[in-house]
Amino acid sequence: MDVDEIRADIAAFADREEDVVFDNGMVVYERDRQTVECRLLQSPGGDVNVQLNGRTIPYSRFIGEELGRLSVLAEAIKQKRPDVSPYVDTQATLVDDSGSKDEPTSALELLSERCGETAFGETRLIFLTADAGEGKTALLRRLTRRMADRYTSGESAWLLLHVDTQGRSFVRLEEAVAKDLGQLRISGLFYSGIIRLVRHGLVKIAVDGFDELLAEIGSGEAYSGLGAFLKQLDGRGTVIAAARSAYFEAENYTAQSHLLSSLPDTQVSVEQMKLERWQRKESEQFFRNFRHPSGGKIENPVQVYDDLASELGPEHVVLHSPFLVLRLAMILAEKLMTPEEIKEEIGPSGFSVVPRVIKSFVKREVAEKWRDQNGQPYLSMDQHIALLSMIAEEMWYQSTDSLPLDVVQLVAETLMEDWELTQSARVQVIERVKAHALLPVSTTPGHLSFDHEGFLNYFLAERLDALMEDRSQDNQLRGFLERHSLPKITGKWVSVIGNRSADESSEVIRFVSSLAAREVRSTYIKQNAGLIAANVASACAQLPEVTLEAMYFEGDEWKESHLSHVTFKRCNFIDIVLNGCVWEHCHFTNCQIDGLTYDLKTSLNGSRFDESSLVLGMLKDEHGSKEFRTYVLDRCQAILESLGAGFLHEQTFQHDKVRQIKADVRNSLDAFLRIFSRTTGTTDRVINTKLGKRAPLFRSAVLPVLIKHGLVRRTQYRGGGQQNRYELAYPVEQILKSENPEAPLPRNLVEFWETLRRN
């Protein structure tokens, strides 16, 4: 540790960083308007100690306690961050860069272990992944509380800072950290101080909802925010980014390579920790431990589980998702339904679980809670849904997951005016909305929020459905769709809420298509219209001939859909997944497809692409496949033809055939590029390990060409021994796209491929 490092540490906590003075081992700075003097001493073994107020303490304790005040932070976490109760641990696996997984083990212990280990010379970035409602946030909350308890008892030297970005709009990670520190009311601890504490391994930071940041503010800004944070760590510390599994399942490595390639001279390694779904053991344990706020519990939990498994089927999603098991427990503990009644409410489809659970809560409010002295409901079922939908819409516009109570009451007042309720009914509604079953008190004082993001997303779908049904709401629907990127599950629920006929589905598609076609400035309309149209079309068994115009489609929105005689006009498809799709006689006019994944069940029989449409980035999805996408035009055309598609003009996509690179050379290059899906750099030793027998060929025929054309650069190796370290100068996806000779990319990338073909 040198003087510059110590100066940067102290400056991060001082009132004014420029006022930190070093003089012959003495350090003087101001903290909370008080002058502090201390002396730095170095032991014979090289450790740094600090003399302060007549005491001599290790430097790690000086920065952790005297500067970072971690004991105060730990107590604030214990007081203001409630623990998860009951908490049932789930199983998790670590996935390495080859896709192989370790045996499942305790998620809590595994994440604690990975955070506790300090990787030498590199920042450890752990992507914590699971589907929605499968326990990511609960795990982080439990580990945060556990480490706060252990720190105050002297059992741990580090804390976990859980920064929950879900439902919030932040352009920079700095804003999210500052918000959380403000809520914890830690005096003198700022973002710059957190950076230093993370660098020293005294604080591990978890960014919860990173996938929502990607959707909310765009991948560029989200990656730049996380990237800036990682750069400041300079190859030290541990960061957790919690995201849904879908974020990690793309075979093209785009997400990670964009992030990692933006970090020159910054050593970061990526791990994926994947949460498994609950099995019978975990669900039964939750039933045993659950206590409703009213005091109710589940009698005979094992028998209840058996009854539910018998009624619903042992693999039903409601028995294996922590979020849905909690909803079941709340219903069962209050004895609102028997397992038989739950079966009737939920039905066989896992997709309908959340809407059914929501309806059961609302039905109870109508039937038992919101009634006058004569037993008449203050609001009908539809009015309850409308009220909650309008509250969700207000959250949507304000980019938040909670609202002040007075704003919620104002929304209710506005609706009641339209409904012409009596004054006495209005008073009761305003009073009762304070304690609505679906709007518990938020962690933000004086605010209400939905009990889970799934509920918020569902009521957004209800509001969207209402806006689309009323064609006079054109401008209001436009404003709604312009605001943010819709959650994918909201698009799915929109497709089934209205229970539409084929003709009605066609009308909805035409309506949102007209909005997208008329867009004159860049908003989220094209993307959101595409999400709605794709889900509505996929849910319709026999969709009439319809045109989808000027929309964006991405991901698995169309997966396993069946279409016939549908026209796509001026549409963009981005990393689209057509696994299991049967699209017959569909037409593509002036469409751009950048990334298309298909499988053995994909069929495009009779479909046609016009001369202005372009398809690049084909990838066959086979279990265990380690192929990259192909961006060479004639190969993409050949794949489309093998799927049954054709071209309206013979010259479409007809370019000079690109000479194939020797298979062994290409395989060694692919193996090398795959290394960078989980790290910013690699070394000679790693190359030898990952490439095995292909390493000598790679070193002689590929690596020199990569370096010559500027695709790879040598950087400083900080570890022990003598070896080279290498970084990519461009994202993996950009390198792959440049294999197409006509790609509008830097000339040196295209020349790299030309050189490989000649050799």
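Our structure is the block above this text.
From a predicted model like this one, the values you see are computed outputs, not experimental measurements.

Trainee: How do you make sense of the packing of helix α28 (residues 695–708) against helix α30 (residues 747–758) when you look at a structure like this?
Mentor: Axes are the key here: two packed helices are described by the angle between their axes and the distance separating the axes. Two elements in contact, α28 and α30, have axes whose closest approach is 10 Å; the angle formed by their N-to-C orientations is 155°. The orientation of α28 with respect to α30, classified from their angle, is roughly antiparallel. Handedness of the α28/α30 crossing: right-handed. Counting all contacts with α28, which are made through A701, V705 and L706, the residues of α30 involved are F752, T755 and L756. Class assignment for the residues of the contact of α28 with α30 results in five nonpolar, one polar and no charged.

Trainee: Looking at this structure, how should I read the packing of helix α23 (residues 502–517) against helix α24 (residues 525–539)?
Mentor: Closest axis-to-axis distance for the α23/α24 pair is 9 Å, and the angle between their directions is 165°. Here α23 is positioned roughly antiparallel relative to α24, judged by the angle of their axes. Two packed elements cross with a definite hand, and for α23 against α24 that hand is left-handed. Residues S505, V508, I509, V512, L515 and A516 of α23 lie in contact with α24, whose contacting residues are I525, K526, A529, I532, A533, V536 and A537.

Trainee: Please explain the sheet that holds strand β18 (residues 566–569) as it appears in this structure.
Mentor: Across a sheet, strands are paired by hydrogen bonds formed along the backbone, either parallel or antiparallel in direction. With respect to topology, five strands assemble into an open sheet ordered β15-β18-β21-β23-β25, the strand pairing being parallel. Both outer strands of the open sheet, β15 (546–549) and β25 (646–647), are each paired with one neighbouring strand and no more. Two elements, β18 and strand β21 (residues 587–589), share three bridges in a ladder whose sense is parallel. Residue pairing in the sheet places F568 in a bridge with F588 of β21.

Trainee: When you look at the nonpolar core in this model, what are you seeing that I'm missing?
Mentor: A general trend in soluble globular proteins is that nonpolar side chains are found buried together. If you look at the biggest cluster of nonpolar residues, it comprises 150 residues, and the most contacted ones within it are W558, F568, F573 and W583. The residues contacting W583, other than those within four sequence positions of it, are W558, S561, L563, F568, F573, L578, F588, S603, L604, N605 and S607. C38, L52, L70 and V198 belong to the second largest nonpolar core, which has 59 residues in total.

Criteria and thresholds
Residue positions are given per chain, counted from 1 along the sequence in the order it is written. Predicted model: local features are reported for residues with pLDDT of at least 70 only, side-chain atom pairs are reported and counted for 80 or more only, and whole-chain, interface and lining totals are derived from all residues. Values reported for side chains reflect all heavy atoms of the structure, with hydrogen atoms and water molecules removed beforehand. All axes are obtained by fitting lines to C-alpha atoms, using only the stretch in contact for helices, and the reported angles, taken between N-to-C directions, cover 0 to 180 degrees. Under the DSSP-based scheme used, a helix requires at least four consecutive residues in state H or I and a strand at least two consecutive residues in state E, with every element numbered from the N terminus. We call two directions roughly parallel when the angle between them is under 35 degrees, roughly antiparallel when it is over 145, roughly perpendicular when it lies between 65 and 115, and oblique otherwise. Whether a crossing is left-handed or right-handed is set by the direction in which the near helix is turned from the far one by less than a right angle, anticlockwise for left-handed and clockwise for right-handed. The contact criterion used throughout is that any non-hydrogen atoms of two residues lie within 4.5 Å. Following the grouping adopted for this structure description, the nonpolar residues are Ala, Val, Leu, Ile, Met, Phe, Trp, Tyr, Cys and Pro, the charged ones are Asp, Glu, Lys and Arg, and the polar ones are all others, Gly among them. Pairs of strands are assigned from DSSP output, requiring at least two bridges between the strands. Working definition of a nonpolar core: buried Ala, Val, Leu, Ile, Met, Phe, Trp, Tyr and Cys residues. They are joined through side-chain atoms within 4.5 Å. Residue burial is assigned from relative accessible area. The probe radius is 1.4 Å, only protein chains are included, and a residue is buried under 20% of its type maximum, exposed over 50%, and partly exposed in between.

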